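Structural characterization, general
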Amino acid sequence: MSAAIRHQIQELSEEIRDHQFKYYVLDAPTITDAAFDKLWNQLLELERKYPQYKLESSPTLEVGGGFATSFTQHDHIEKMMSLDNVFDNDELDNWFDRIEKAGVKNTWLCEVKVDGLAINLLYENGRLTRALTRGNGTTGEDVTLNIKTIKSVPTELSGKDLPDTLEVRGEVFFPLKAFDDLNDSLEEAGKPRFANPRNAAAGSLRQKDPKITASRPLDVVVHGIGAATGVSFDKQSSAYELLKGWGLPTSSRYKVVSNRKEVLAFIDQYEKNRHNVEHEIDGVVIKVNEIDIQNDLGFTSRAPKWAIAYKYPPEEVSTKLLDIKVSVGRTGRVTPFAYMEPVKVAGSTVTNATLHNAQEIVRKGILIGDTVLIRKAGDVIPEVLAPVIEKRTGSERAFVMPTKCPDCGSKLRAMSEGDVDIRCPNSQSCPAQVVERLFYIGSRSALDIDVLGYEAAAALLADKLVVDEADLFSLTLKDLAKSDFFTKKDGSISLIADRFIAGLELAKTRPLWRVLVALSIRHVGPTSAQALANKFGSIVNIQKASSDQLANIDGVGGVIAEAIIEWFDVDWHKQIIKKWEKAGVALVDAPKEKLKQTLAGLTIVVTGSLNDFTRDGASEAIVSRGGKAASSVSSKTDYVVAGDSAGSKLEKANELGITILDEAGFKVLLEKGIN
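For the structure given in this document, a descriptive report is provided here. (Residues numbered from 1 in each chain as written. Predicted model: local features only at pLDDT ≥ 70, side-chain atom pairs only at ≥ 80, totals over all residues. Heavy atoms only, no water.)

1. A look at the side chain of Asn146
Locating Asn146 in the fold gives a position in helix 4 (residues 144-147). From its side chain, Asn146 meets the backbone oxygen of Leu205 in a polar contact 2.5 Å long. (Helix = DSSP H or I, 4+ residues; strand = E, 2+ residues; numbered from the N terminus. Polar contact = N/O pair within 3.5 Å; in protein donor to acceptor, adjacent residues only side chain to side chain.)

2. Looking at the packing of aromatic side chains
Under the counting rule described, the total for this entry stands at 14 aromatic pairs. Ring centres 4.8 Å apart and planes at 70 degrees place the aromatic pair Phe96 and Trp108 in the edge-to-face group. Of the two residues, Phe96 sits in helix 3 (residues 89-100) while Trp108 sits in strand 3 (residues 108-114), which places them twelve residues apart along the sequence. Summarising the burial analysis for this pair, Phe96 and Trp108 share the class buried. Residues Phe473 and Trp580 carry aromatic rings whose centres are separated by 5.1 Å and whose planes lie at 80 degrees to one another, so their mutual orientation is edge-to-face. Taken as a pair, Phe473 in the loop between helix 13 (454-462) and helix 14 (477-480) and Trp580 in helix 21 (residues 571-583) lie far apart in primary sequence, 107 residues in all. Like Trp580, Phe473 is buried. The rings of Trp95, Phe96 and Trp108 are connected pair by pair, giving a single aromatic cluster. Directly above the aromatic system of Tyr339 lies the positively charged group of Lys325, at a separation of 4.3 Å from the ring centroid. Positioned above the aromatic ring of Tyr440 is the side chain of Arg330, whose terminal nitrogen or guanidinium carbon lies 3.5 Å from the ring centre. (Phe/Tyr/Trp six-rings, centres within 6.5 Å; stacked < 30°, edge-to-face > 60°. Buried < 20%, exposed > 50% of the residue type's maximum accessible area, 1.4 Å probe, protein only. Lys NZ or Arg CZ within 6 Å of the ring centre and 35° of its normal.)

3. A look at the sheet that holds strand 9 (residues 254-257)
Ordered by their spatial adjacency, five strands build an open sheet running 2-11-10-3-9, and the pairing between neighbours is mixed. Of all strands in the sheet, those bounded by a partner on one side alone are strand 2 (85-86) and strand 9. Inspection of the sheet shows strand 10 (residues 281-288) paired to strand 11 (residues 307-311) by five bridges, in the antiparallel sense. Residue pairing across strands places Val284 opposite Tyr310, the latter belonging to strand 11. In the packing of helix 3 onto the sheet, the strands contacted are strand 2, strand 3, strand 10 and strand 11, and the crossing angle to strand 11 comes to about 170 degrees. (Pairing = 2+ DSSP bridges. Contact = heavy atoms within 4.5 Å. Axes fitted to C-alpha atoms, helices over the stretch in contact; angles between N-to-C directions.)

4. Quick notes on the nonpolar core
Core analysis: the biggest nonpolar cluster contains 59 residues, and Ile449, Leu460, Leu472, Phe473 and Phe500 have the highest contact counts within it. Elements with a contribution of two residues or more to this core: helix 12 (431-442), helix 13, helix 15 (495-507), helix 16 (512-518), helix 17 (526-536), helix 18 (539-544), helix 20 (557-568) and helix 21. No other element matches the six residues that helix 16 contributes to this core. Ile147, Ile150, Val153 and Ala201 belong to the second-largest nonpolar core, a separate cluster that totals 34 residues. (Core = buried A, V, L, I, M, F, W, Y, C linked by side-chain atoms within 4.5 Å.)

5. Notes on the packing of helix 12 against helix 13
In contact at an axis separation of 8 Å, helix 12 and helix 13 are set at 130 degrees when each is read in the N-to-C sense. As judged from the angle between their axes, helix 12 and helix 13 are oblique. At the point where helix 12 passes helix 13, the crossing takes the right-handed sense. Across from Pro431, Val434, Val435, Glu436, Leu438 and Phe439 in helix 12, the residues of helix 13 making contact are Tyr454, Ala457, Ala458 and Leu461. Among the residues forming the contact of helix 12 with helix 13, the class breakdown is nine nonpolar, no polar and one charged. (Parallel < 35°, antiparallel > 145°, perpendicular 65-115°, else oblique. Left-handed = near helix turned anticlockwise from the far one by under 90°. Nonpolar A, V, L, I, M, F, W, Y, C, P; charged D, E, K, R; others polar.)

Set out below in structure tokens:
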């Protein structure tokens, strides 16, 4: 009897939560209010009679829908691997050769590589019970409520012979037409546009309120299987047919082929038609079709040996260069950029591209009015490659670097002899520099402060809530009430303001090296900041150190030492330190157990993306164990750690014969050093 009552309460609770989700989040109720009230009253009656079986998560304990995504972390049942990449036909041939050398005879499945956000859907007895992001491959973030708002994802599988357990891997993407419509609506509302569909998909999925996710037309395509019980597959292609039969959103853009020539034809077909697909693609994935051969080939520590991603090169397009303008950065550096007729490249519309400095413009021979060739380096950053000389009409003109700051009117100058960059010397008061520094302080590279993006930084300065960054940590809710950015239409404080103040409080506890980065001392990045923090332990000790003491630290050197001395010699910089300390910012590192110096004397370069380390995290791991985290490969480099999408640094390491480690090897080196 008790088991039956417990089961009935569980079933009623789940049914009610499902109807609440459809009503509050999806705005698509499937039963009448009267029918819902009947279920609700049944549950209340059972809980009254049998309080010992009442669930801690009972819907009767919550007001309204009560739906919010907390992004708690859970392990995947089976590790969610990445893919190795090749970039040309020779590299692809080498991959084919490695597989066929083992005497493997097989067919290949080719499919387009969706440029989206990786997702893992877990179905148990046909019901969607959890959806996780890839995370580090072992553990991902729970986004189940948000995934359930995507119409193409079934919450229950259909058909017969459903598996007991099934992990389905796929990509969340933003359809291109819907992406353009969203950006147009954001622009009309005066809000910033998303840079590309992948960013839009990631930003839409990672909303705490699933109702916001539901308002975005996200879609999913599934392309792989993790753990599975109660079912078996003989081929990748037949697995896709089964998934489709169960109601899962598979792609029709795949083909089973029998030889390399047909693989290359598939790659060529989609490279020519990459913008005729409903979502962004950045290449083609080639898989061994036979599952038993996949199992025989197995995996490396991070990727299957039986699959490879053929990545397309960055796109290049031409457009008209209408003007060359300049922007002022956080250190005063004045950087020219191209202002162009809008053109679509790598899936997004581009109007601006960097030109680096005046010398680079002269070197490339670029004139205002030119037709120019541009590309997105890594399909992210627009870059002007060269002018199209044959399209010149004679009306083009040379760019002349301004002599005064466009934001504050100060006379521009080179900061040192031989410096190719010119800078605005009005570092304390130049509005452009102050906003950029505030924005940088809030970034993940520095103190990672919630809400403190570019718009918030601009509002703080425009509304005279701060003069410069010295005032940042003294802000209160009362101060923020004076700004439209932090208040509602009725003048009351918004949730954004609460989040911002909470973010400031959290930022006060960040480690010392992040504070050093946040100060925007010229040349001081994460590597040198960590070295300084590890050596001196406090801002006061760094301030008292001599130039020689600073320069002798591995990872600092003479140029950075001179920049540090100069920075602390400025009165208003000293005021930043004084005001931050008074506001409670931690300027002293808490005592910590010194790690075993396994990397003493070693110089290590990390390139590409790692699963378990951010770039700053890898650098911190190296420096804290006595090593030097270098940014470029040279004959003095001892090891190169290569993750996903490792590029020219990996090539140079191969040329120089430097030992290359994958992430697993890097972890062993951190723990044990050189054996």
